[in-house]
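# Tertiary structure, described
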Amino acid sequence: MSDELRVPVLPESVTDGLVSTWHKKEGDFVKRDEILVDIETDKVVFEVPATTDGVLTHILKQEGEIVASEEPLGTIDSQQSAPTTADKPASTAASKDTKDIVLTPAVRNLVAEHDLDPAMINGTGKGGRILKADVLQYIEQQKTNNTIADSSRPPPATTAGTTPAVRREPMSRLRAKIAERMVEVQHNAAILSTFNEVNMQAIMDMRKRYQETFQKKHGIKLGVMSFFVKAVCEALKRFPIVNASVEDNDILYHDYYDVSIAVSSPRGLVVPVIRNADQLGFAGIEQAIANFALRAKEGKLNLDELLGGTFTITNGGVFGSMLSTPLLNPPQSAILGMHNIQQRAMVENGEIVIRPMMYLALSYDHRIIDGRDAVQFLVNIKQSLEEPHRLLLDI
């Protein structure tokens, strides 16, 4: 009896997917709920599990093929059982079989990127599972070994006129979609940016004073992002046009505050959404962001978590950015860019003092947001951050 393996039912916003990776080959025994194939879309990667125990008899869609919702991917013969130990060659039973090694999406992507053999990597995770840190340590060790080996060799002779090597790789579905959306938003929106700077001293002092107590009570550190999310929500309430979007000749006002947070992942930038962010406390916001960051690295964000959002915050400062002009996240009409915190000389009450300063950038769609509203919106955020008690007193 054969069971069909099919593409999951894709949401309306996802038209098709790409067969990214098969983790089994024809003739392999598979177990129910074991991940067999990854389907990459322009938003997330869907992991397709086995529907039953049996043997994968046919692979109908090869890696690189485009598939639609519920399209057959392969067949599993549930009548065939797993081979016994006696049926296996002794050498196979004694060796570490690469295909049996379970890898998280993040580890799998890193292994594929560097063309590594997982069987050669020593896993330090639970049950010997390979962690991302294990892969990075293995790569560094290989570099060290290669450097030592190369130091004993004479330098290679160069040939005049040699053409440098060029590698061509297709864009991932996510990267292609990002490229398409970025070009689209620049063509369809009138984007302007306004800038300001914020003195982070009050937030730094508050975090230093209450960090230990906060972490003991909530089980998570008090970061900077929660202050920005809270400040953004308060500013959006005062300037609802910044929380709106354009649809044809209409302006859609959103009476809720779903804040998108730009997060880096192995596949590219993803923007999960904190729903009703204005109703969460500092701990709830910090926990949501930490959860998004972890699952983004592992490729386990759900599609629903990436849809919607009325305003976006992106933090280029974690990569060392001093100043930038972020692009809109359509159909949203504004995005706030955070940057690196640097100690700078500032004048306060006629005296020069050293303060931790950050530049802020607000990019906005000038079709519906006037410069006055954009500037005042950013000033309101600045005031909330420099005087965080405003967030508690609602002033």
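Note that the structure is a prediction, hence the values are computed from the model and not measured. (Residues numbered from 1 in each chain as written. Predicted model: local features only at pLDDT ≥ 70, side-chain atom pairs only at ≥ 80, totals over all residues. Heavy atoms only, no water.)

### Focus: the overall build of the protein
Counting its regular elements, the protein contains nine helices and 19 strands. Looking at the protein as a whole, 42% of its 395 residues qualify as buried. Taking all contacts inside the protein whose residues are at least 6 apart in sequence as the whole, residues at least 24 apart take part in 63%. Roughly 22,300 Å² of accessible area belongs to the protein as shown, and the carbon and sulfur atoms make up 51% of that amount. (Helix = DSSP H or I, 4+ residues; strand = E, 2+ residues; numbered from the N terminus. Buried < 20%, exposed > 50% of the residue type's maximum accessible area, 1.4 Å probe, protein only. Contact = heavy atoms within 4.5 Å. Areas by Shrake-Rupley, 256 points an atom, 1.4 Å probe, with all protein chains shown as cover.)

### So, the layout of surface pockets
Here the second largest pocket defines a volume of roughly 860 Å³. Those elements that place two or more of their residues in the lining of the second largest pocket are helix 4 (173-188), strand 14 (268-270), strand 16 (311-315) and strand 17 (334-338). Taken together, the residues of the lining of the second largest pocket sort by class into 16 nonpolar, 15 polar and five charged. (1 Å grid on protein atoms, 1.4 Å probe; cavity = no way out; pocket = protein on both sides within 12 Å on 5 of 7 lines; lining within 4 Å. Points joined across faces, edges and corners; volume = space filled by probe spheres on them. Nonpolar A, V, L, I, M, F, W, Y, C, P; charged D, E, K, R; others polar.)

### Remarks on the sheet that holds strand 3 (residues 29-30)
Across the sheet, four strands lie side by side as 1-8-6-3; this open sheet has antiparallel pairing. In this open sheet, the two edge strands, each paired with only one partner strand, are strand 1 (2-6) and strand 3. Strand direction decides the pairing type here: strand 6 (residues 54-59) and strand 8 (residues 72-77), joined by four bridges, are antiparallel. Among the inter-strand pairings, Ile 59 is bridged to a residue of strand 8, identified as Gly 74. (Pairing = 2+ DSSP bridges.)

### Quick look at the environment of Asn 109
Positionally, Asn 109 belongs in helix 2 (residues 105-113). For Asn 109, a relative accessible area of 33% corresponds to the partly exposed category. Separated by 190 residues in the primary sequence, Asn 109 and Gly 299 place their C-alpha atoms 9.7 Å from one another. Discounting chain neighbours no more than four positions away, the residues touching Asn 109 are Pro 266 and Arg 267.

### Description of the confidence of the model for the protein
Overall, the prediction assigns the protein a mean pLDDT of 86, with 87% of residues at 70 or greater. For the stretch residues 88-96, pLDDT sits under 50, and the model shows five contacts to residues farther than four places along the chain or on other chains. (pLDDT = per-residue confidence, 0-100.)

### Re the packing of aromatic side chains
This model, assessed by the stated rule, comprises three aromatic pairs. Centroid distance Phe 311 to Phe 377: 5.6 Å. Interplanar angle 55 degrees. Geometry classified as tilted. Note that Phe 311 is positioned in strand 16 and Phe 377 in helix 8 (residues 371-386), a separation of 66 residues in sequence. Each member of the pair Phe 311 and Phe 377 is classed as buried. Every member of this aromatic cluster is reached through a ring pair, and the members are Phe 239, Phe 311 and Phe 377. Residue placement shows Lys 230 over the ring face of Phe 282; its charged tip is 5.9 Å from the ring centre. (Phe/Tyr/Trp six-rings, centres within 6.5 Å; stacked < 30°, edge-to-face > 60°. Lys NZ or Arg CZ within 6 Å of the ring centre and 35° of its normal.)

### A closer look at the environment of Glu 197
Within the secondary structure layout, Glu 197 lies in strand 9 (residues 191-199). Sequence spacing of Glu 197 and Met 338 is 141 residues, and the spatial spacing of their C-alpha atoms is 9.9 Å. Once you skip the residues sitting within four places of it in the chain, Glu 197 turns out to touch Arg 344, Met 346, Met 357, Met 358, Tyr 359, Lys 382 and Glu 386.

### Concerning helix 6 (residues 225-238)
With 14 residues, helix 6 extends 20 Å between its outermost C-alpha atoms, agreeing within 8% with the 20 Å of an ideal straight helix rising 1.5 Å per residue. Among the 14 residues of helix 6, 12 are classified as buried, and the element is accordingly described as predominantly covered. Within helix 6, burial applies to Met 225, Ser 226, Phe 227, Phe 228, Val 229, Lys 230, Ala 231, Val 232, Cys 233, Glu 234, Ala 235 and Leu 236. (Expected span 1.5 Å × (residues − 1).)

### Some details on the packing of helix 6 against helix 8
Packing of helix 6 against helix 8 leaves a shortest axis separation of 9 Å and a crossing angle of 135 degrees. Considered as vectors, helix 6 and helix 8 are oriented oblique to each other. Of the two elements, helix 6 crosses helix 8, and the hand of that crossing is right-handed. Of the residues in helix 8, those in contact with Phe 227, Phe 228, Ala 231, Val 232, Glu 234, Ala 235, Leu 236 and Arg 238 of helix 6 are Phe 377, Asn 380, Ile 381, Ser 384 and Leu 385. (Axes fitted to C-alpha atoms, helices over the stretch in contact; angles between N-to-C directions. Parallel < 35°, antiparallel > 145°, perpendicular 65-115°, else oblique. Left-handed = near helix turned anticlockwise from the far one by under 90°.)

### Re the sheet that holds strand 4 (residues 35-40)
Note: strands within a sheet are paired through backbone hydrogen bonds, in either parallel or antiparallel orientation. An order of 5-4-2-7 is seen for the four strands of this open sheet, with the pairing classed as antiparallel. The open sheet has two free edges, formed respectively by strand 5 (45-49) and strand 7 (66-67), since each of these has just one partner strand. Note that strand 4 and strand 5 share five bridges and pair antiparallel. Residue pairing in the sheet places Ile 39 in a bridge with Phe 46 of strand 5.

### Overview of the packing of helix 6 against helix 7 (residues 282-297)
Between two packed helices, what matters for the description is the angle formed by their axes and the separation of those axes. Closest axis-to-axis distance for the helix 6/helix 7 pair is 9 Å, and the angle between their directions is 115 degrees. The orientation of helix 6 with respect to helix 7, classified from their angle, is roughly perpendicular. Classified by chirality, the crossing of helix 7 by helix 6 is right-handed. Counting all contacts with helix 6, which are made through Met 225, Ser 226, Phe 227, Val 229 and Lys 230, the residues of helix 7 involved are Phe 282, Ile 285, Glu 286 and Ile 289. Grouping the amino acids of the contact of helix 6 with helix 7 by side-chain chemistry returns six nonpolar, one polar and two charged.

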